[in-house]
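The chain contents come next:
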Amino acid sequence: MGYEEAPLGDELPLPWAVSFPVPSSRETISTATSNLQALPQSCSPIPRTCWGRMKLLGAVLLAAGLLSPSAHGEQLPWPEEPSRTCYFQMLSGTDSEFCRGDLEVIYPELGDVGCMYIPQCHQYRRRLSREWGSPRVRYPQAVKSKKYVLVLVDPDAPSRANPSKRFWRHWLVTDIPGADLRSGDIQGHVLSDYIRPTPPPRSGYHRYQLRLYEQPAHGAITLSPEERVSLGAWGMENFVEQFRLGSPVASTQFLTKYYED
């Protein structure tokens, strides 16, 4: 690398006219400064010599900045910018204990949301509440020759702190063939159409619980006229007891809240 020291008080030529190796567009400024290793490691005791070398170092740093990604319009990951990373948080404590039996609830893009919080990124909460239809529900352990009952409820209506409308019914399907559950594309007798999870504003997180029961081989399962006209404050335990459904063979839940909160 060849250069001439400038007399004291004179200016070096413009940086792009100085003869030194320049970094590629992918090199950082620290990489560029490493090209100065050929220079003596200490400044001369003569002030003008030290000043000339400092000017040369400044020219190298300026040229490296001009060739950096930001100079070509590439965006740098500044810390103050919001992160585009999606964080998927799993449930813990008593909320996670509800999830058992490998029951999967699958929404577009998110995949299986069982035992997790719905993330806010990519407007997933809004799309869950406003756009997406019923999820795929898969239970790999289902017996093909048996039938099942699927229940989706919100036990936190209108809020977890005051669940006066507990077990708001969001979906109820009976006579689901085990073969359908193994594939995830369920068909059956719909007693309550799927209703999207729509937590009220400022009501905090709501649990959306799916319970899968093995359907007994007896008469048809129905809702009473009173149950059909009201979704809130559903007597789910009475329904389970009336039709002798017993304990769920599998259960899972996911948590979400109002998408603008």
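This text goes with the structure placed above it.
All of these numbers come straight from a predicted model, not from anything done at the bench. (Residues numbered from 1 in each chain as written. Predicted model: local features only at pLDDT ≥ 70, side-chain atom pairs only at ≥ 80, totals over all residues. Heavy atoms only, no water.)

K.L.:
I'm lost on the sheet that holds strand β4 (residues 136-138) in this one. Help?
P.N.:
Sheet strands line up and pair through hydrogen bonds in the backbone, either parallel or antiparallel. Strand order in this open sheet of 3 strands is β2-β1-β4, and the pairing throughout is antiparallel. Each end of this open sheet is capped by a strand with a single partner; those strands are β2 (111-112) and β4. Pairing of strand β1 (residues 104-107) with β2 involves 2 bridges; the strand directions are antiparallel. Paired with Tyr107 across the strands is Gly111, a residue of β2. (Pairing = 2+ DSSP bridges. Helix = DSSP H or I, 4+ residues; strand = E, 2+ residues; numbered from the N terminus.)

K.L.:
I'm lost on the side chain of Thr174 in this one. Help?
P.N.:
Topologically, Thr174 is positioned in strand β6 (residues 168-177). A polar contact is formed between the side chain of Thr174 and the side chain of Asp175, at a distance of 3.0 Å. Excluding its chain neighbours within four sequence positions, the residues that come into contact with Thr174 are Tyr148, Val149, Gly188, His189, Leu191, Gln215 and Ile221. (Polar contact = N/O pair within 3.5 Å; in protein donor to acceptor, adjacent residues only side chain to side chain. Contact = heavy atoms within 4.5 Å.)

K.L.:
Got a minute to help me understand unusual backbone geometry in this structure?
P.N.:
The phi angle of most residues is negative, glycine excepted, and most peptide bonds adopt the trans form. The peptide bond linking Ala157 to Pro158 adopts the cis configuration, its omega dihedral lying at -5°. Mapped onto the secondary structure, Pro158 falls in the loop between β5 (147-154) and β6. One non-glycine residue with positive phi stands out, namely Cys115, at about 60°. Mapped onto the elements of the fold, Cys115 is located in the loop between β2 and β3 (116-117). On the basis of relative accessible area, Cys115 is assigned to the buried category, the value being 13%. Phi at Arg244 takes a positive value of approximately 50°, unusual for a residue other than glycine. The exposure class of Arg244 is exposed, given its relative accessible area of 68%. (Buried < 20%, exposed > 50% of the residue type's maximum accessible area, 1.4 Å probe, protein only.)

K.L.:
Would you explain the sheet that holds strand β9 (residues 250-256) in this entry?
P.N.:
As summarised here, the arrangement of the 6 strands in space is β3-β9-β8-β5-β6-β7, forming an open sheet in which the pairing is mixed. The open sheet has two edge strands, β3 and β7 (189-192), and neither has a second partner.

K.L.:
Any chance you could explain the packing of aromatic side chains here in plain terms?
P.N.:
The geometry of an aromatic ring pair is captured by two quantities: the separation of the ring centres and the angle between the planes. Summed over the entire model, instances satisfying the criterion amount to 10 aromatic pairs. Their ring planes at 25° and their centres at 6.1 Å tell us that Tyr107 and Trp132 sit as a pair that is stacked. Taken together, the residues span a long stretch of sequence, with Tyr107 in strand β1 and Trp132 in the loop between α4 (124-130) and β4 at a distance of 25 residues. Look at Tyr107 and you get buried, because its relative accessible area is 2%. Of the residues examined, Trp132 reaches a relative accessible area of 8% and is grouped as buried. Taking 5.4 Å as the distance between ring centres and 75° as the angle between the ring planes, the aromatic pair formed by Trp171 and Tyr194 counts as edge-to-face. Linking Trp171 in strand β6 with Tyr194 in the loop between β7 and β8 (206-214), this pair joins segments that are 23 residues apart in sequence. When its relative accessible area of 7% is taken as the criterion, Trp171 is described as buried. (Phe/Tyr/Trp six-rings, centres within 6.5 Å; stacked < 30°, edge-to-face > 60°.)

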